[in-house]
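# Reading the structure
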Amino acid sequence: MFVFDRPFARLLGVASALVGAAGALGAQQKACEVNESRPTALGRASLAVMTATGAKTPEAQRKQLLNAMKQLQSIGDKTDNPAGKGFVYGKTLVLWASLPEIGLTAKRGAIGITENPEGMIDLAATLDSAFGVVEAAMPECIAETVKWRGQKPWVDMVNKAIERLNADDADSAAYAAQRAITLNPFAPYGFVVLANVRQRQQKTTEAFVLYRKSIDLAAKDTMYDDIRRQSLVYLGTLAVDSAEAATDAAGRKPYVDQARAAFEGILADKGAGESAANARQGLCRVAIVSGDTGSLRQTYKDPLENTAAYAYSDLMNAGVCMARAEMSSEAAKLFAGAYDKNPYHRDVLSNLSIVLLRENQHDRALPLASRLVTVEPNNAENLQLLVLSYAGIAQRARATRLAGNPPAAPATKTAGKAPATKARATKAAPAAPAAPAAPAAPATPRLSGAATDSLFRIEK
């Protein structure tokens with residue numbers, strides 16, 4: 001009945017073209033100086049591309065792009081300025097691919113190619129090759145090519161990959177992610193989507209490589225901080241899944257180490273935000289699978305010391321962790337803090353009742369179980385908690401009664417006197433294990449026979 005939210009399988013959407021991603025690969029030591037004016041035809045093509053970028057209508061844009069393609073074809077393959085031609089050609093293809101009627105696959109003639117006009121052209125692969133010439137010859141220009149690679153065609157493809165992934169359409173998500181990577185291999189989004197697909201296909205080796213690639217790329221620019229943290233959560237979760245599936249300690253250790261490093265890296269990040277809660281959940285699983293549950297007191301030190309400072313969901317996740325680690329006392333404290341924030345939520349009523357029953361705090365579990373049955377009357381498991389609460393109280397009352405009133409020894413008759421039994425002091429019931437005080441709840445009356453009667457009524 002414990003509620004445990006696994007890290008979200010949701011990915012960040014790309015809302016805009018990210019045209020300001022100039023720093024995607026960090027500051028460059030050398031300025032990018034691509035010559036876009038030699039030969040003369042290249043200069044004309046570059047001017048046409050610039051004019052197309054600012055065109056007011058689609059018709060005017062297409063006219064300029066056709067002009068650019070005409071000039072580029074006149075240059076031919078043999079040129080002493082391949083980087084310049086590649087840069088202008090790549091930009092031209094990005095603008096063509098941005099037009100709705102063109103997209104990433106089109107007839108060659110539709111974009112002004114005169115040779116084999118009825119043949120098809122893959123604009124994603126072609127512009128990747130064009131920019132690749134520039135990036136190989138002039139690495140200092142990668143930041144400039146990334147600006148163009150990250151335009152509308154790439155944004156649309158990343159969003160499609162995310163949409164298909166969230167719709168559990170793995171094949172379409174993988175195809176879109178691979179196309180996004182072709183368009184822009186310097187951004188992390190395509191890699192993390194493809195890693196998710198490979199993980200779902202149980203291709204864990206590939207998934208690990210792709211998650212790591214996403215993390216490495218995202219680490220190069222702060223604009224990708226959110227996707228970096230998300231990728232770390234995914235990587236750590238995959239690692240701990242693998243550790244739990246391993247059959248021996250030696251096989252678990254590499255995965256445990258990877259998972260711990262990923263989750264601790266998130267917690268060390270001051271801007272972790274929501275990812276911090278996922279990291280703590282991950283470290284909980286790491287602690288359990290590695291047998292180091294004592295470390296959880298440090299992991300959840302702050303929530304344990306000040307439950308009021310944490311959100312309901314954070315306290316619930318922390319409590320579930322402690323409960324799974326069989327640290328019921330700590331779990332009770334965390335669930336109690338969650339109860340203070342939302343005393344009528346079925347999950348906290350259920351989880352707090354369970355850990356109090358584990359701690360033999362039946363009288364404290366009873367009002368919570370009673371409220372749970374009121375909140376969710378049709379759940380048989382809730383009724384079971386109520387039965388266990390009553391049963392525990394009845395059993396304790398019976399044990400106390402028997403301890404204080406053992407069977408009487410045979411009486412010695414004395415003439416003129418009634419039989420007498422030597423009185424014994426009533427022994428107090430053994431103290432229950434120390435546990436944090438349960439939250440305020442309706443007072444429970446002293447129960448002995450009443451608890452037994454209630455139990456019988458419930459069971460009937």
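Residues numbered from 1 in each chain as written. Predicted model: local features only at pLDDT ≥ 70, side-chain atom pairs only at ≥ 80, totals over all residues. Heavy atoms only, no water.

## As for the packing of helix α12 (residues 274-290) against helix α15 (residues 312-324)
The relative placement of two packed helices comes down to the angle between their axes together with the axis-to-axis distance. The contact between α12 and α15 brings their axes to 10 Å, and the two run at 0 degrees. When the axis of α12 is compared with that of α15, the two are roughly parallel. Residues A277, Q281, C284 and I288 of α12 touch α15, and the partners they reach there are D314, N317, C321 and R324. Across the contact of α12 with α15, the residue classes break down as four nonpolar, two polar and two charged. (Axes fitted to C-alpha atoms, helices over the stretch in contact; angles between N-to-C directions. Helix = DSSP H or I, 4+ residues; strand = E, 2+ residues; numbered from the N terminus. Parallel < 35°, antiparallel > 145°, perpendicular 65-115°, else oblique. Contact = heavy atoms within 4.5 Å. Nonpolar A, V, L, I, M, F, W, Y, C, P; charged D, E, K, R; others polar.)

## Considering the side chain of T145
Tracing the backbone shows T145 in helix α5 (residues 142-149). Engagement of the side chain of T145 in a polar contact is seen with the backbone oxygen of I142, the distance being 2.9 Å. With sequence-adjacent residues up to four places away left out, T145 is seen in contact with F87, F131, V134 and E135. (Polar contact = N/O pair within 3.5 Å; in protein donor to acceptor, adjacent residues only side chain to side chain.)

## Description of the packing of aromatic side chains
Taken as a whole, this structure holds five aromatic pairs when the rule is applied. Ring geometry for Y189 versus Y224: centroids 5.9 Å apart, planes at 80 degrees, classification edge-to-face. One end of the pair, Y189, is in helix α8 (residues 189-200); the other, Y224, is in the loop between α9 (204-218) and α10 (225-245), and 35 residues separate them in sequence. A residue is classified by how much of its surface remains accessible, and Y189, at 9% relative accessible area, is buried. Of the aromatic side chains, those joined through ring pairs into one cluster are W154, Y189 and Y224. Cation over ring: K91 sits above F87, and NZ or CZ is 4.5 Å from the ring centre. Positioned above the aromatic ring of Y344, the side-chain terminus of R371 is 4.5 Å from the ring centre. (Phe/Tyr/Trp six-rings, centres within 6.5 Å; stacked < 30°, edge-to-face > 60°. Buried < 20%, exposed > 50% of the residue type's maximum accessible area, 1.4 Å probe, protein only. Lys NZ or Arg CZ within 6 Å of the ring centre and 35° of its normal.)

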